[in-house]
Amino acid sequence: STPILLALGILSIPHKGATRAYIRDSMTAANPPGEERVVHRFVIAGQGADFLGLNREGKAHGDLLILDKMSEGSESLSEKSLRWFMHAARSIPCARYVAKADPDTYIVWPKMRMQLGRMTSGHLSPRLYFGVHCDWTWM
C-alpha cells in the first residue's frame, strides 16, 4: 500500500452532505498517482444527528468520523479538533503528518505537498500553521 503523507480531518456538521460531496470531488487532486497518499475524514459530532442518512453516506464513502456523546456547536470546536487528533494517532499511526481543516478551507494541493516536502527535508519547522485570514467586509 502507498505510504500516507497526511491524515486530514475536515470539521463538518451533519446536514452539510452537499459540502462534503464537493470536498470529496476536490480530494482527487490531493492524490496524484505514485505519490504518498492523503487520507481524509469528515469529523462530525454525533449527538442528535440523523444517523440513518449519515450511516448511508458513511458506508458509501468510508470517510466519516462520527463522534459519540458530543453535540455540535461553537463551544465544542476545540474538543472536536482534539478528538480528531486523538483518533488519527490511534487509527492512522503511519501518517507522516496529521492536520485539520474547516469545510470552507480551500487547499491548493500542489503547494501543500511542496510545503510538506520541505518539512520532511528539514527546511521548515515540523510544527506548522497554514492559512490566510480573509476579512470579508460587507457594506
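For the structure, see preceding data.
Since the structure is predicted, the reported quantities are computational estimates derived from the model, not experimental observations. (Residues numbered from 1 in each chain as written. Predicted model: local features only at pLDDT ≥ 70, side-chain atom pairs only at ≥ 80, totals over all residues. Heavy atoms only, no water.)

(A) Up close: the overall build of the chain. Within the chain one finds four helices and four strands. In the chain, the order of α-helices and β-strands from amino to carboxyl end is β-α-β-α-β-α-β-α. Taken across its 139 residues, the chain has 35% of its residues classed as buried. A fraction of 64% describes how many contacts in the chain between residues 6 or more apart in sequence connect residues 24 or more apart. In the form shown here, the chain has an accessible surface area of approximately 9,300 Å², with 58% of it arising from carbon and sulfur atoms. (Helix = DSSP H or I, 4+ residues; strand = E, 2+ residues; numbered from the N terminus. Buried < 20%, exposed > 50% of the residue type's maximum accessible area, 1.4 Å probe, protein only. Contact = heavy atoms within 4.5 Å. Areas by Shrake-Rupley, 256 points an atom, 1.4 Å probe, with all protein chains shown as cover.)

(B) Representation of helix α3 (residues 77-91) in the model. For α3, spanning 15 residues, the distance from its first C-alpha to its last is 21 Å, which sits close to the expected 21 Å at 1.5 Å a residue. Every buried residue belonging to α3 is among Lys80, Ser81, Trp84, His87 and Ala88, and all of these are buried. The buried side chains of α3 occupy one side of the element, clustering within an arc of 125 degrees when seen end-on. Away from the buried face of α3 by more than 90 degrees, exposed residues Ser78, Leu82, Ala89 and Arg90 are located. (Expected span 1.5 Å × (residues − 1). Arc of directions from axis to C-beta.)

(C) Focus on the nonpolar core. Leu6, Leu8, Met27, Val38, Tyr97, Trp109 and Leu116 are the most contacted members of the largest nonpolar core, which totals 19 residues. Once you skip the residues sitting within four places of it in the chain, Val38 turns out to touch Leu6, Met27, Ala30, Asn31, Trp109 and Arg113. Ranked by size, the runner-up nonpolar core spans 13 residues in total, among them Ile4, Val43, Leu67 and Trp84. (Core = buried A, V, L, I, M, F, W, Y, C linked by side-chain atoms within 4.5 Å.)

(D) Examining the pattern of salt bridges more closely. Enumeration according to the criterion identifies seven salt bridges in this entry. In this structure, the salt-bridge partner of Glu79 is Arg83, at a minimum N-O distance of 3.6 Å. You can see Glu79 and its partner Arg83 sitting in helix α3, four residues apart, about one turn around the helix. (Salt bridge = Lys/Arg side-chain N within 4 Å of Asp/Glu carboxyl O.)

Everything listed here is a matter of coordinates, which is why it stays silent on function.
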